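If you want the building blocks of each chain, they are given just below.
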Amino acid sequence: MRIHCPHCGERDHREFEYLGSAKLLERPEGGDAAAFHDYVFQRKNPTGENAELWQHVMGCSAWLHVVRNVTTHEIIAVKLARDVKEAAR
Amino acid sequence: MADFKLHPSEALIGQPIEIGAAVLACNQPANILSVAPFKGQGMAVNDVLKAVVKLALPTVGRVRTKKHVRAMWAGQGQWFVVGDIELAVLAQALDTKAAVTDQSDAWVVLTLGGADAREVMSRLCSLDLDALEQGQTARAEFAHMMSCITPTPEGFEIMIMRSFAKTAIHHTREAMGKLAALRAL
Ligand SMILES: [Zn+2]
């Protein structure tokens, strides 16, 4: 599995660290306990495409938003998590 | 301010290590300063650097040299200014524009040269070495450690964290030995 880092180009997956679902970027504002419970604990468990957060920890240190097919391990899209977060604002 | 600088007690590599057709040496620069521009301050940082060291920050994956100072990309939002440049000078000049920290004792600069430098490198680093040109620099895995890899006319410069330096030397020495043994068959 190889991931195309927007800064560094295509690199072996051993250079990256997996954090989890990209849902972590959608931290709820305010004190709604139910929304926060959902944010912390609830995850979809898809077969097929899933949006995830990876860090290029052995490289540029950037957090990446990676859309990956969890069945085939095909990497479909990679963006800087920073840009995805910015676009959602 | 207290002097927190660690003073070297012994050379990491006294004499260059030559095994087969590869040579590993330590080429520690006078200073390694990390420059991380604050949000929206990239252009302002460039202006200051041009005035102080006659260098602008290179783009992603590039390195630039002017006389005895070099500016290299070192990751997202971070650059290393390496060579004859004092922390106090740069920290003062970039005051409100960037976070400047002294990394001189935190990173070690190794050089790998000789006819087999590339072959040795390919055993330690998964970078596409064919695609790496002069003037480029890459943050990449080197012997399971994070590093900055910069091609040089003689081979490669490997920047590694000080605490991993002996491990890096050990692995490199091992790779050099294995390649030399292979060549002797
Ligand atoms: Zn990267």
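Novice: Mind showing me how you'd approach the domain arrangement of chain B here?
Specialist: Interface size, as often reported, equals the accessible area lost upon joining of the parts. Residue and element names in this part refer to chain B. Partitioning chain B into domains gives domain 1 (16-28 + 105-180) and domain 2 (32-102). The gap between the C-alpha centroids of domain 1 and domain 2 is 24 Å. Between domain 1 and domain 2, the residue contacts involve twelve residues of the former and ten residues of the latter. For the pairing of domain 1 and domain 2, the buried interface totals around 1000 Å² over both sides, and the portion due to carbon and sulfur atoms is 59%. The largest per-residue losses of area from domain 1 upon contact with domain 2 belong to Gly135, Thr137 and Arg139, which jointly make up 44% of the total buried on that side. Counting the contacts that link domain 1 with domain 2 gives one salt bridge. Note that Arg70 and Glu157 form a salt bridge whose closest N and O atoms lie 3.2 Å from each other. Between domain 1 and domain 2 we count five residue pairs in polar contact (both at pLDDT 80 or more) in total. Those elements that provide at least two residues to the side of domain 1 that touches domain 2 are strand E8 (107-113), strand E10 (145-152) and strand E11 (155-161). When its residues are assigned to classes, the side of domain 1 that touches domain 2 shows four nonpolar, six polar and two charged.

Novice: I keep staring at the coordination of the zinc ion and nothing clicks. Help me out?
Specialist: Note on metal sites: the ideal angle is 109.5 degrees for four tetrahedral donors, and 90 or 180 degrees for six octahedral donors. Residues and elements named next belong to chain A. Protein ligation of the zinc ion involves Cys5 (SG), Cys8 (SG), His56 (ND1) and Cys60 (SG), the donor distances falling in the range 2.0 to 2.4 Å. Around the zinc ion sit four donor atoms, and with donor-metal-donor angles ranging over 104 to 118 degrees the site reads as tetrahedral. All donor residues of the zinc ion come from one chain, and their arrangement in sequence is C-x2-C-x47-H-x3-C. The two residues His56 and Cys60 agree in class, both being buried.

Parameters at a glance
Residues numbered from 1 in each chain as written. Chains lettered and ligands numbered in written order. Predicted model: local features only at pLDDT ≥ 70, side-chain atom pairs only at ≥ 80, totals over all residues. Heavy atoms only, no water. Domains from an automatic or database assignment. Contact = heavy atoms within 4.5 Å. Buried area = accessible area lost by both parts, 1.4 Å probe. Salt bridge = Lys/Arg side-chain N within 4 Å of Asp/Glu carboxyl O. Polar contact = N/O pair within 3.5 Å; in protein donor to acceptor, adjacent residues only side chain to side chain. Helix = DSSP H or I, 4+ residues; strand = E, 2+ residues; numbered from the N terminus. Nonpolar A, V, L, I, M, F, W, Y, C, P; charged D, E, K, R; others polar. Donors = N, O, S within 2.8 Å, 3.2 Å for Na, K, Ca; no water. Tetrahedral: all angles 85-135°; square planar, octahedral: opposite > 155°, others 65-115°. Buried < 20%, exposed > 50% of the residue type's maximum accessible area, 1.4 Å probe, protein only.

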